[in-house]
Amino acid sequence: MVHYYTRKPIPMSFLKSSVLLLVISGVCLGCDQWPNGTDKAIHWWECSNGPIKLYNVTVMNQNGQPEYPILLTAPIQVWIDIDNPTDTFTDPNLRAQVNLWSWNYAGCSWASVPTFGLLRDLNACDFATCPINPGRQWVKVTIDFTQFQPIINVLKDNMPYQLQLNLHDKASGDNVCVSFQAWCRTK
Ligand SMILES: *[C@@H]1O[C@H](CO)[C@@H](O)[C@H](O)[C@H]1NC(C)=O
Ligand SMILES: *[C@@H]1O[C@H](CO)[C@@H](O)[C@H](O)[C@H]1NC(C)=O
């Protein structure tokens, strides 16, 4: 008993560092992986179910060299291998909308990024090679986020981002949706 009462109190600094350690390991346990391997490579999937089918998405810099992480501080080229069974998509009927999310590390989830209405009802043919005729082909899209400086300003550097591209053809009513998750540099 005497021994118990004479024991030294636990130093405050030790307590503080244990609490800190618990907090850090708590975060790591909650979120021990980057989403879909985005620390190593781009992850994409088709979020529409036809009629257009997507086979491959490759992101390149302005010089046509594959790049990862993706640098949003300069224009990028996105090459999409598609099979378009029936309709021809032309300027200005092909409209685009882009939705953005950033990775919330603490919550281990995606958080919506404000786009200030700048990425709604865009003329897709301003960015893509149009017309898009029926058949299997590579569609080349140029994305220049520097045109959307208010958005770039709110994007933290060196983080995974999720981008959803929705295309709608007003003439045929066809829709295409593709989601991308990729590590991006924004500064
Ligand atoms: C990972 O990708 C799949 C589609 O391949 C998607 O359904 C899922 O929501 C993604 N997970 C995260 C954490 O983003
Ligand atoms: C996608 O296309 C690129 C460029 O042609 C090629 O290097 C890559 O292997 C393709 N990926 C898949 C999964 O087919």
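This write-up is about the structure you can find in this document. (Residues numbered from 1 in each chain as written. Chains lettered and ligands numbered in written order. Predicted model: local features only at pLDDT ≥ 70, side-chain atom pairs only at ≥ 80, totals over all residues. Heavy atoms only, no water.)

### Topic: the overall build of the protein
Part 1: When helices and strands are tallied, the protein shows three helices and ten strands.
Part 2: When its helices and strands are written in sequence order, the protein yields α-α-β-β-β-β-β-β-β-β-α-β-β.
Part 3: Residue burial in the protein is summarised as follows: out of 187 residues, 34% are buried.
Part 4: Summarising the internal contacts of the protein: among those between residues at least 6 apart in sequence, 72% fall at separations of at least 24.
Part 5: Counting every atom, the protein has about 11,100 Å² of accessible surface; 58% of that belongs to carbon and sulfur. (Helix = DSSP H or I, 4+ residues; strand = E, 2+ residues; numbered from the N terminus. Buried < 20%, exposed > 50% of the residue type's maximum accessible area, 1.4 Å probe, protein only. Contact = heavy atoms within 4.5 Å. Areas by Shrake-Rupley, 256 points an atom, 1.4 Å probe, with all protein chains shown as cover.)

### Notes on the nonpolar core
Part 1: In terms of nonpolar packing, the biggest core is built from 38 residues, with Leu72, Val78, Phe145 and Leu155 touching the most fellow members.
Part 2: Mapped by element, the contributors of at least two residues to this core are β2 (53-60), β4 (76-84), β5 (94-104), β8 (135-143), α3 (149-154), β9 (159-169) and β10 (175-185).
Part 3: Looking at which element gives the most residues to this core, the answer is β10, with five residues.
Part 4: When neighbours within four sequence positions are excluded, Phe145 is seen to be in contact with Leu72, Leu100, Leu119, Ile151, Ile152 and Leu163. (Core = buried A, V, L, I, M, F, W, Y, C linked by side-chain atoms within 4.5 Å.)

### Things to note about the pairing of β10
Part 1: Counting buried positions along β10 yields nine of eleven residues, so the element is predominantly enclosed.
Part 2: Pairing analysis gives four bridges linking strand β1 (residues 43-46) to β10, with the strands arranged antiparallel. Pairing of Trp45 across the sheet is with Ser179, part of β10.
Part 3: Bridge count between strand β3 (residues 70-71) and β10: two bridges; the pairing is parallel. Each bridged residue has a counterpart across the sheet, and for Ile70 the counterpart in β10 is Cys184.
Part 4: Where β9 lies against β10, ten bridges are found, and the strand directions are antiparallel. Paired with Asn166 across the strands is Cys177, a residue of β10.
Part 5: Hairpin connection from β9 to β10: five residues lie between these consecutive antiparallel strands, with Gly173 at a positive phi of about 85 degrees. (Pairing = 2+ DSSP bridges.)

### Thoughts on the packing of aromatic side chains
The geometry of an aromatic ring pair comes down to the distance between the two centres and the angle between the two planes.
Part 1: Scanning the entire structure with this criterion turns up five aromatic pairs.
Part 2: Between Trp34 and Trp183, the ring centres sit 4.9 Å apart and the planes meet at 85 degrees, which makes this aromatic pair edge-to-face. Of the two residues, Trp34 sits in the loop between α2 (12-30) and β1 while Trp183 sits in strand β10, which places them 149 residues apart along the sequence.
Part 3: With 6.3 Å between their ring centres and 70 degrees between their planes, Phe145 and Phe148 make a pair best called edge-to-face. With respect to class, Phe145 is no different from Phe148; both count as buried.
Part 4: Taken together, Trp34, Tyr105 and Trp183 form an aromatic cluster joined through their ring pairs. (Phe/Tyr/Trp six-rings, centres within 6.5 Å; stacked < 30°, edge-to-face > 60°.)

### Structural notes on the site of ligand 1
Part 1: As a matter of local geometry, ligand 1 sits amid Pro35, Asn36, His43, Trp45, Trp110 and Gln181.
Part 2: The separation between an oxygen atom of ligand 1 and a polar side-chain atom of His43 is 2.8 Å.
Part 3: For ligand 1, the protein covers 53% of the area, taking 360 Å² as the surface of the free molecule.
Part 4: Of the residues assigned to the shell around ligand 1, the class counts are three nonpolar, three polar and no charged. (Near = heavy atom within 4 Å. Polar contact = N/O pair within 3.5 Å; in protein donor to acceptor, adjacent residues only side chain to side chain. Nonpolar A, V, L, I, M, F, W, Y, C, P; charged D, E, K, R; others polar.)

These figures come from the coordinates and say nothing about function on their own.
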